[in-house]
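Next come the chains, spelled out residue by residue.
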Amino acid sequence: GKVMWAVSFPLALTLWATIPDCRRDVFKNYYFVTFLMCVFWIGFMSYFMVWMATELGITAEIPAPVMGLTLLAAGTSIPDCLSSIAVARKGHGD
């Protein structure tokens, strides 16, 4: 609840301030800027995630291939799994 909100607030505020909401009439014509900023943030966060996994592997003396095949693979597969579970619970799964 409150702890998660406090931890995620800086990121949410940063994204809110840098990505125009093209659903609003004021930013209706800024859809391309919205797209570019989303691509930028996805790239930045992906780079940060790989960098942190590399540092964790160096600190824990885990080889880079093992880190790539386990930690990063799980980090990209778990969100897909959770979204599939959410869709299936709503009755829209295949």
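Below: a short report on this structure.

Rules used throughout
Residues numbered from 1 in each chain as written. Predicted model: local features only at pLDDT ≥ 70, side-chain atom pairs only at ≥ 80, totals over all residues. Heavy atoms only, no water. Helix = DSSP H or I, 4+ residues; strand = E, 2+ residues; numbered from the N terminus. Rg over C-alpha atoms; globule rule 2.2 N^0.38 Å. Buried < 20%, exposed > 50% of the residue type's maximum accessible area, 1.4 Å probe, protein only. Areas by Shrake-Rupley, 256 points an atom, 1.4 Å probe, with all protein chains shown as cover. Lys, Arg positive; Asp, Glu negative; His and termini not counted. Charge placed at Lys NZ, Arg CZ, Asp CG, Glu CD. Salt bridge = Lys/Arg side-chain N within 4 Å of Asp/Glu carboxyl O. Expected span 1.5 Å × (residues − 1). Disulfide = S-S within 2.5 Å. Contact = heavy atoms within 4.5 Å. Bend = angle between axes of the 7 residues up to and from the residue.

1. Section: the overall build of the protein
On a plain count of helices and strands, the protein comes out with 3 helices and 0 strands. Mapped in sequence order, the helices and strands of the protein form the string α-α-α. For a compact globule of 94 residues, the expected C-alpha radius of gyration is about 12 Å, and the protein comes in at 18 Å, more than 25% above that figure. Within the protein, buried positions represent 9% of all 94 residues. Carbon and sulfur atoms make up 72% of the accessible area of the protein, which amounts to about 8,000 Å² in all. For the protein, the separation between the mean place of its 6 positive charges and that of its 6 negative charges on side chains is 16 Å.

2. Some thoughts on the pattern of salt bridges
For the coordinates displayed, the defined rule picks out 1 salt bridge. A salt bridge links Arg-23 to Asp-21, with the nearest nitrogen and oxygen atoms 2.9 Å apart.

3. Comments concerning helix H2 (residues 31-59)
Each full turn of the α-helix corresponds to 3.6 residues, which orients residues three or four apart in the same direction. The terminal C-alpha atoms of H2, which comprises 29 residues, lie 42 Å apart, in line with the 42 Å expected from a rise of 1.5 Å per residue. Buried residues of H2: Thr-34, Trp-41, Ala-53 and Gly-57, and no others. Phi turns positive one or two residues past the end of H2, at Glu-61, with a value near 55°.

4. Quick look at the state of the cysteines
Taken as a whole, this structure holds 0 disulfides when the rule is applied. With no disulfide of its own, Cys-38 lies 8.3 Å from the sulfur of Cys-22, the closest cysteine sulfur. A residue is classified by how much of its surface remains accessible, and Cys-38, at 32% relative accessible area, is partly exposed.

5. A look at unusual backbone geometry
The backbone phi angle of Glu-61 is positive, close to 55°, even though this residue is not glycine. Position of Glu-61 relative to the elements: it lies in the loop between H2 and helix H3 (64-89).

6. Points about the side chain of Thr-34
For Thr-34, the location among the structural elements is in helix H2. What Thr-34 contacts, discounting residues up to four positions off in sequence, is Ile-19, Pro-20 and Cys-22.

7. A few points about helix H1 (residues 2-18)
The end-to-end C-alpha distance of H1 is 24 Å, a good match for the 24 Å that 17 residues give at a rise of 1.5 Å each. Maximum bend of H1: about 45°, positioned at Ser-8, with proline Pro-10 one to four residues after it.

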